[in-house]
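Here is how the chains run, residue by residue.
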Amino acid sequence: MAVKACKACKHIVEGSSCPACGGREFADSFKGRVAIVQPEHSEVAKQLKHEKKGVFALKL
Ligand SMILES: [Zn+2]
C-alpha cells in the first residue's frame, strides 16, 4: 500500500486512518519526511508543532 500523509497532522500513514490523530483525509503527494523520536527534545517537533512521535511529512 502506498504511503500518504494525514492532512490534519502530516503524519505519514500506510493504513486507512491516521494513528496519531485518527484523521481519514490524506494527501497522496508530500515533500520530505522527518522522524520525530523525542518530541519533547526536538527542535523540529517544536517548529512543526508536533507533540507525538512518528514520521511526518514536511510539506503537503
Ligand atoms: Zn493525523
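This text goes with the structure placed above it.
Along each chain, residue indices are assigned from 1 in the same order as the chain's sequence is written. Residues qualify for local features only when their pLDDT is at least 70, as the model is predicted, and side-chain atom pairs are given and counted only at 80 or more; totals for whole chains, interfaces and linings, by contrast, use all residues. The side-chain values count all of the structure's non-hydrogen atoms but skip hydrogen atoms and water molecules.

(A) A look at the overall build of the protein chain. By definition, any uninterrupted DSSP run of H or I lasting at least four residues is a helix, any uninterrupted run of E lasting at least two residues is a strand, and each is numbered from the N terminus. Regarding its fold elements, the protein chain presents one helix and five strands. Reading the helices (α) and strands (β) of the protein chain from amino to carboxyl end gives β-β-β-β-α-β. Our radius of gyration is a C-alpha quantity, and the globule rule it is checked against amounts to 2.2 Å times the number of residues to the power 0.38. At 11 Å, the protein chain has a C-alpha radius of gyration in line with the 10 Å of a compact globule built from 60 residues. Seen through its C-alpha atoms, the protein chain measures out along the principal axes to roughly 30 × 20 × 15 Å. Residue contacts follow a heavy-atom distance rule, with two residues in contact if any of their heavy atoms lie within 4.5 Å. At a minimum sequence separation of 6, the contacts of the protein chain that also span at least 24 residues come to 38%. Surface summary for the protein chain: the accessible area is close to 4200 Å², and the carbon and sulfur share equals 50%. His is not counted here, nor are the chain ends, while Lys and Arg score as positive and Asp and Glu score as negative. The atom standing in for a charge is NZ when the residue is Lys, CZ when it is Arg, CG when it is Asp and CD when it is Glu. One finds the centroid of the 11 positive side-chain charges in the protein chain at a distance of 4 Å from the centroid of its 6 negative side-chain charges. The protein chains shown are the only cover counted for residues, whose accessible areas, like all others here, come from Shrake-Rupley with a 1.4 Å probe.

(B) Focus on the packing of aromatic side chains. In this scheme Phe, Tyr and Trp rings, the latter by its six-membered ring, pair at centre separations within 6.5 Å, and the angle between planes marks the pair as stacked below 30 degrees, edge-to-face above 60, and tilted otherwise. Under the counting rule described, the total for this entry stands at zero aromatic pairs. The lysine or arginine in question, Lys-4, covers the ring of Phe-26, its NZ or CZ lying 5.0 Å from the ring centre. Consider the ring centre and the ring normal. A charge sits over the ring if Lys NZ or Arg CZ is within 6 Å of that centre and within 35 degrees of that normal.

(C) Quick peek at the nonpolar core. Residues grouped as a nonpolar core are buried Ala, Val, Leu, Ile, Met, Phe, Trp, Tyr and Cys residues, joined through side-chain atoms within 4.5 Å. Any residue under 20% of the maximum accessible area for its type is buried, any over 50% is exposed, and the rest in between are partly exposed; the area is computed with a 1.4 Å probe on protein chains only. If you look at the biggest cluster of nonpolar residues, it comprises six residues: Cys-6, Cys-9, Val-13, Cys-18, Ala-20 and Phe-26. Among all residues touching Val-13, those that are not within four sequence positions of it are Ala-2, Val-3, Lys-4, Cys-6, Cys-18, Pro-19 and Phe-26.

(D) The coordination of the zinc ion, seen in detail. Only Cys-6 (SG), Cys-9 (SG), Cys-18 (SG) and Cys-21 (SG) from the protein reach the zinc ion as donors, at distances of 2.3 Å. Donors, by definition, are the N, O and S atoms found within 2.8 Å of a metal, the threshold being 3.2 Å for Na, K and Ca, and water is not counted, so a site can look incomplete. Here a site with four donors is tetrahedral if all angles are between 85 and 135 degrees, and a site with four or six donors is square planar or octahedral if opposite donors are over 155 degrees apart and the other angles are between 65 and 115; anything else gets the irregular label. Between the four donor atoms coordinating the zinc ion, the angles at the centre fall across 102 to 116 degrees, so the site counts as tetrahedral. Mapped onto the sequence, the donors of the zinc ion take the spacing C-x2-C-x8-C-x2-C. What makes Cys-6 buried here is its relative accessible area of 0%.

(E) Inspection of unusual backbone geometry at higher detail. With a phi close to 70 degrees, Lys-10 is a non-glycine residue in the positive phi region. With a relative accessible area of 28%, Lys-10 lands in the partly exposed category.

(F) Seen up close, the sheet that holds strand 3 (residues 26–27). Two strands make a pair as long as DSSP finds a minimum of two bridges between them. Judged by pairing direction, the sheet is antiparallel, and its three strands sit side by side in the order 2-1-3 without closing on themselves. Edge positions in the sheet fall to strand 2 (12–13) and strand 3, since each of these pairs with one other strand and no more. Sheet topology note: the strand 1 (residues 4–6)/strand 2 ladder contains two bridges and is antiparallel. Residue pairing across strands places Lys-4 opposite Val-13, the latter belonging to strand 2.

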